[in-house]
Amino acid sequence: MATIEECRAALGKLSDNMQGADGDVGAAAALDRSVSCHITDLDITFAGRMTGGRIDVDDTHPGPPREKAQIRLAMAGDDLVALVGGELNFATAWGTGRVKLEASLLDLFRLRKLL
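Residues numbered from 1 in each chain as written. Predicted model: local features only at pLDDT ≥ 70, side-chain atom pairs only at ≥ 80, totals over all residues. Heavy atoms only, no water.

*Asks:* Kindly report on the nonpolar core, identifying the contributing residues and their values.
*Replies:* Note that soluble globular proteins tend to have their nonpolar side chains buried in a common cluster. I39, M50, I71, M75, L80, V99 and L111 are the most contacted members of the largest nonpolar core, which has 27 residues in total. Where this core is concerned, the elements lending two or more residues are α1 (4–19), β1 (33–39), β2 (44–51), β4 (71–75), α3 (77–84), α4 (90–95) and β5 (99–102). (Core = buried A, V, L, I, M, F, W, Y, C linked by side-chain atoms within 4.5 Å. Buried < 20%, exposed > 50% of the residue type's maximum accessible area, 1.4 Å probe, protein only. Helix = DSSP H or I, 4+ residues; strand = E, 2+ residues; numbered from the N terminus.)

Next up, the structure:
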């Protein structure tokens with residue numbers, strides 16, 4: 001099972017990858033939205049903001065998200081690490097329910113370029 005530190009590092013790597021993206025992916029990463037990522041097996045939530053092509057984590061707290069972010073992710077820590085490491089395909093993980101993504105319909109269309 002991934003640790004809180006490994007999950008935080010994976011989110012940092014995802015943020016770095018997003019910031020370096022070009023074209024359609026870069027445009028999708030440039031959204032300005034509140035974000036939460038609930039790590040279900042650790043029952044911890046990383047909350048922050050996607051802005052300027054990065055994800056800035058402002059808060060980490062136990063339990064599910066306290067506020068409804070505009071973009072909401074939920075998954076096990078190992079799945080987060082595997083997704084960011086390229087060992088798990090997002091579409092497969094989402095289709096099988098291992099990863100949950102909630103956002104507005106417009107944001108989902110934009111985010112599909114990232115994922």
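Still to come is the rest of the account.
*Asks:* Before we move on, could you go through the packing of α1 against α3 and cite the residues and values that matter?
*Replies:* Packing of α1 against α3 leaves a shortest axis separation of 9 Å and a crossing angle of 30°. As far as their axial angle goes, α3 and α1 are roughly parallel. Along this stretch, α1 crosses α3, giving a crossing that reads as left-handed. Across from E6, C7, A10, L11, K13, L14 and N17 in α1, the residues of α3 making contact are G77, L80, V81 and V84. (Axes fitted to C-alpha atoms, helices over the stretch in contact; angles between N-to-C directions. Parallel < 35°, antiparallel > 145°, perpendicular 65-115°, else oblique. Left-handed = near helix turned anticlockwise from the far one by under 90°. Contact = heavy atoms within 4.5 Å.)

*Asks:* Tell me what's going on with the side chain of H61, and back it up with residues and numbers.
*Replies:* Mapped onto the fold, H61 is located in strand β3 (residues 54–62). Of the polar contacts made by the side chain of H61, one reaches the side chain of R66; its length is 3.4 Å. Setting aside anything within four residues of it in sequence, one finds H61 in contact with I44, T45 and R66. (Polar contact = N/O pair within 3.5 Å; in protein donor to acceptor, adjacent residues only side chain to side chain.)

*Asks:* Go over α3, please, and point to the residues and values.
*Replies:* Of all eight residues in α3, six are buried; the element is thus mostly enclosed. Of all the residues in α3, the buried ones are G77, D79, L80, A82, L83 and V84. Against the buried residues of α3 lie α1, β1, β4, α4 and β5. Count one or two residues on from α3 and you reach G86, which has phi positive near 80°.

*Asks:* Which residues make up a nonpolar patch on the surface, and what are the values?
*Replies:* Taken together, the side chains of L105, L108 and F109 present a nonpolar region at the surface, about 300 Å² in accessible area. Residue class for L105 comes out exposed when judged on its relative accessible area of 59%. (Patch = residues over 30% accessible without salt bridge, like charges linked within 9 Å, V, L, I, M, F, W, Y side chains within 5 Å. Areas by Shrake-Rupley, 256 points an atom, 1.4 Å probe, with all protein chains shown as cover. Salt bridge = Lys/Arg side-chain N within 4 Å of Asp/Glu carboxyl O.)

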